[in-house]
Amino acid sequence: MTTEVMPHAQQRLSLPPVAPRSSRLQWHPVTADRFEVMMRGATVGFIEIVGSVYVSLAGPRYARAVEVAQSLVWTDALVALDPGRTRGGR
């Protein structure tokens, strides 16, 4: 899987709307501290930034998403939301 590094807080709102085409997972900012993560056009979860921690929330709706991981590294938080990873189908 190809992922990319999360930019500093000042750059968050100027991010491109999705990750490069080579990435299985794509993401875009919803608010200054929340990102929607998608795969093949379907929402698979969200990443919230709480202080210096990235919190991965799995589920298609934010209100019902379940926390599945916390990380200090953007790519680790993103990988935690990969449906193939959770099913062992990597």
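The following paragraphs examine the structure supplied in this document.

Some words on the pattern of salt bridges
- A full pass over the atoms with the stated rule returns 2 salt bridges.
- Here Asp 82 ties to Arg 24 by a salt bridge, and the two come within 2.5 Å at their closest N and O atoms. With a gap of 58 residues between them, Asp 82 in the loop between helix H1 (74-79) and helix H2 (83-86) and Arg 24 in the segment before strand S1 (25-31) connect regions that are remote in the sequence.
- A salt bridge links Glu 48 to Arg 34; the shortest N-O distance between them is 3.3 Å. Of the two residues, Glu 48 is situated in strand S3 (residues 42-50) and Arg 34 in strand S2 (residues 34-39); the sequence distance between them amounts to 14 residues.
- For Arg 34, a relative accessible area of 19% corresponds to the buried category.

Description of the sheet that holds S1
- Read from one edge to the other, the open sheet built from 5 strands follows the order S1-S2-S3-S4-S5, with strand pairing classed as antiparallel. Both edges of this open sheet fall to S1 and strand S5 (66-71), since each of them pairs with a single strand only. Each strand axis lies, on average, 25° off the axis of its neighbour in the sheet, ignoring direction.
- Note that strand S4 (residues 53-58) and S5 share 5 bridges and pair antiparallel. Looking across to S5, one finds that Leu 57 is bridged to Glu 67.

Let's talk about the packing of aromatic side chains
- This structure, assessed with the given rule, holds 5 aromatic pairs.
- Ring centres of Trp 27 and Trp 74 lie 5.2 Å apart, and the angle between their planes is 70°; this geometry places the pair in the edge-to-face category. With Trp 27 in strand S1 and Trp 74 in helix H1, this pair connects stretches of sequence that are 47 residues apart.
- Among the residues examined, Trp 74 registers a relative accessible area of 3% and is labelled buried.
- Centroid distance Tyr 54 to Trp 74: 5.5 Å. Interplanar angle 80°. Geometry classified as edge-to-face. A residue pair is termed long-range when its members are at least 10 positions apart, and Tyr 54 in strand S4 and Trp 74 in helix H1 qualify at 20 residues. Summarising the burial analysis for this pair, Tyr 54 and Trp 74 share the class buried.
- Of the aromatic side chains, those joined through ring pairs into one cluster are Trp 27, Phe 35, Tyr 54 and Trp 74.
- Here the basic side chain of Arg 34 rests over the ring of Tyr 62, its NZ or CZ set 3.6 Å away from the ring centre.

Cut-offs used in this document
Residues numbered from 1 in each chain as written. Predicted model: local features only at pLDDT ≥ 70, side-chain atom pairs only at ≥ 80, totals over all residues. Heavy atoms only, no water. Salt bridge = Lys/Arg side-chain N within 4 Å of Asp/Glu carboxyl O. Helix = DSSP H or I, 4+ residues; strand = E, 2+ residues; numbered from the N terminus. Buried < 20%, exposed > 50% of the residue type's maximum accessible area, 1.4 Å probe, protein only. Pairing = 2+ DSSP bridges. Axes fitted to C-alpha atoms, helices over the stretch in contact; angles between N-to-C directions. Phe/Tyr/Trp six-rings, centres within 6.5 Å; stacked < 30°, edge-to-face > 60°. Lys NZ or Arg CZ within 6 Å of the ring centre and 35° of its normal.

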